[in-house]
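Residues per chain, in single letters:
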Amino acid sequence: MTLAGKTAIVTGASSGIGEATARLLAAEGCNVVLAARREDRLNSLAARLGEGALAVPTDVTDAAACAALVARALERFGSLEILVNNAGVGLYGSVANGEPEDWRKMFDVNVLGVLYTTRAAVRHMLYRSSGDIVFVSSLAGRRVPHPSGTVYAATKHAITAIAEGLRMDLHDKGIRVINVEPGLVRTEFPESSHASAREYYEEKAYAPLETDDIAAAVIYAVSQPQRVSVNEVAVRPTQQPK
Ligand SMILES: NC(=O)c1ccc[n+]([C@@H]2O[C@H](COP(=O)([O-])OP(=O)(O)OC[C@H]3O[C@@H](n4cnc5c(N)ncnc54)[C@H](OP(=O)(O)O)[C@@H]3O)[C@@H](O)[C@H]2O)c1
């Protein structure tokens, strides 16, 4: 199914997987609405992608801002066919040594932010009886990778539940729900918990995926004919053991 002329919102489009997904969607002919907090990054990406790109600085932890994001997309492009819920943070530490403020931040962005944006988008999609809701979750939504990732994994397990519940709710309303679960990907993601992302990746026994590998999985899922609903996509480096 062609994506040309569709409109997609991508949260967390200022870097990493979100930026790559916005770039690949634009290359397929989509209008792309770029959402994140770092306005300079969004503006620079929008300038590179051209007329069909719109930067809308958004903090997804603000429910009103998420509703305004969807409203801005509709105002500029007239419709919304794809939402990519990609914004996320990983703040690692064991439960015993963790900080409640870090837990709150992860649940605010990774779970509540996703719900706020999804609610606003789904309300429009229900009206049109079509659309794709994509979650960029994690393999940590299937299993806890390490004790230091317990709370992060809890937020991604929540996405597993939200994606499945939403799929059941929307399956007969023309709206598809796609949960993409990456393994290790080379991005800025480790920087909030490690001194250097480069060192973090060098310490791994296998090479990470590149951001385009995950973006390509998103493109694959949303390009399927309407009768095909690709609900869960796990994508790990071939060498990643679990
Ligand atoms: N890298 C990996 O190995 C990996 C593996 C599995 C899953 N994932 C998932 O992939 C997604 C993208 O992460 P990434 O690896 O591409 O890391 P990244 O480059 O750090 O991207 C994270 C994005 O989230 C945005 N963000 C964070 N807080 C936000 C907020 N309050 N409001 C709006 N946007 C916010 C950031 O933008 P601003 O700072 O500009 O707001 C940034 O664009 C995340 O959900 C992550 O859990 C990553």
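Just above sits the structure.
Model, not experiment: these values are computed from the prediction.

Kindly report on the pairing of strand β7 (residues 232–235), identifying the contributing residues and their values.
Burial of the side chains of β7 is restricted to one face: Val233 and Val235 are buried, whereas none of Glu232 and Ala234 on the reverse face is. One ladder, built from four bridges, connects strand β6 (residues 175–182) with β7; its direction is parallel. Bridge pairing in β7 places Pro182 opposite Val235.

Would you mind going over helix α4 (residues 100–128) in detail, with residue names and values included?
An ideal rise of 1.5 Å per residue puts 42 Å on 29 residues; α4 measures up with 41 Å between its terminal C-alpha atoms. The sharpest bend along α4 measures roughly 35° and falls at Leu112. Downstream of α4 by one or two residues, Ser129 has phi in the positive range, about 55°.

Give me the nonpolar core: which residues, what numbers.
It is characteristic of soluble globular proteins that their nonpolar side chains tend to be buried jointly. Counting residues in hydrophobic clusters, the biggest one holds 36 residues, and the most contacted among them are Leu25, Leu34, Ile82 and Val84. Ranked by the residues each element gives to this core, the list is headed by helix α7 (residues 211–222), at seven residues. Sequence-distant contacts of Leu25, that is, excluding residues within four places in its chain, are made with Leu3, Ala8, Val10, Cys30, Val32, Ile82, Val84, Ile219 and Val222. The next biggest cluster of nonpolar side chains, apart from the first, holds 27 residues, and it includes Ala35, Leu80, Val114 and Ala121.

Pulling in residues and values, what's your account of the packing of aromatic side chains?
Scanning all chains against the criterion turns up three aromatic pairs. An angle of 75° between the planes, with centres 5.3 Å apart, marks the rings of Tyr200 and Tyr201 as edge-to-face. Tyr200 gets classed as buried once you look at its relative accessible area, which sits at 19%. Under the relative-accessibility criterion, Tyr201 is labelled buried at 7%. Every member of this aromatic cluster is reached through a ring pair, and the members are Tyr92, Tyr152 and Phe189. Geometry around Tyr201 places Arg186 over its ring, the cationic atom sitting 5.9 Å from the centre.

Which residues make up the packing of helix α1 (residues 16–27) against helix α2 (residues 39–49), and what are the values?
Any two packed helices are characterised by how steeply their axes cross, that is the angle between the axes, and by the distance between the axes. Interhelical geometry of α1 versus α2 gives an angle of 20° and a closest axis separation of 11 Å. In terms of their interaxial angle, α1 and α2 are classed as roughly parallel. In the packing of α1 onto α2, the handedness of the crossing is right-handed. In this structure, α1 contributes Glu19, Ala22, Arg23 and Ala26 to the contact, and α2 contributes Leu45, Arg48 and Leu49. Grouping the constituent residues of the contact of α1 with α2 by class yields four nonpolar, no polar and three charged.

Reading the values: rules and limits
- Residues numbered from 1 in each chain as written.
- Predicted model: local features only at pLDDT ≥ 70, side-chain atom pairs only at ≥ 80, totals over all residues.
- Heavy atoms only, no water.
- Buried < 20%, exposed > 50% of the residue type's maximum accessible area, 1.4 Å probe, protein only.
- Helix = DSSP H or I, 4+ residues; strand = E, 2+ residues; numbered from the N terminus.
- Pairing = 2+ DSSP bridges.
- Expected span 1.5 Å × (residues − 1).
- Bend = angle between axes of the 7 residues up to and from the residue.
- Core = buried A, V, L, I, M, F, W, Y, C linked by side-chain atoms within 4.5 Å.
- Contact = heavy atoms within 4.5 Å.
- Phe/Tyr/Trp six-rings, centres within 6.5 Å; stacked < 30°, edge-to-face > 60°.
- Lys NZ or Arg CZ within 6 Å of the ring centre and 35° of its normal.
- Axes fitted to C-alpha atoms, helices over the stretch in contact; angles between N-to-C directions.
- Parallel < 35°, antiparallel > 145°, perpendicular 65-115°, else oblique.
- Left-handed = near helix turned anticlockwise from the far one by under 90°.
- Nonpolar A, V, L, I, M, F, W, Y, C, P; charged D, E, K, R; others polar.

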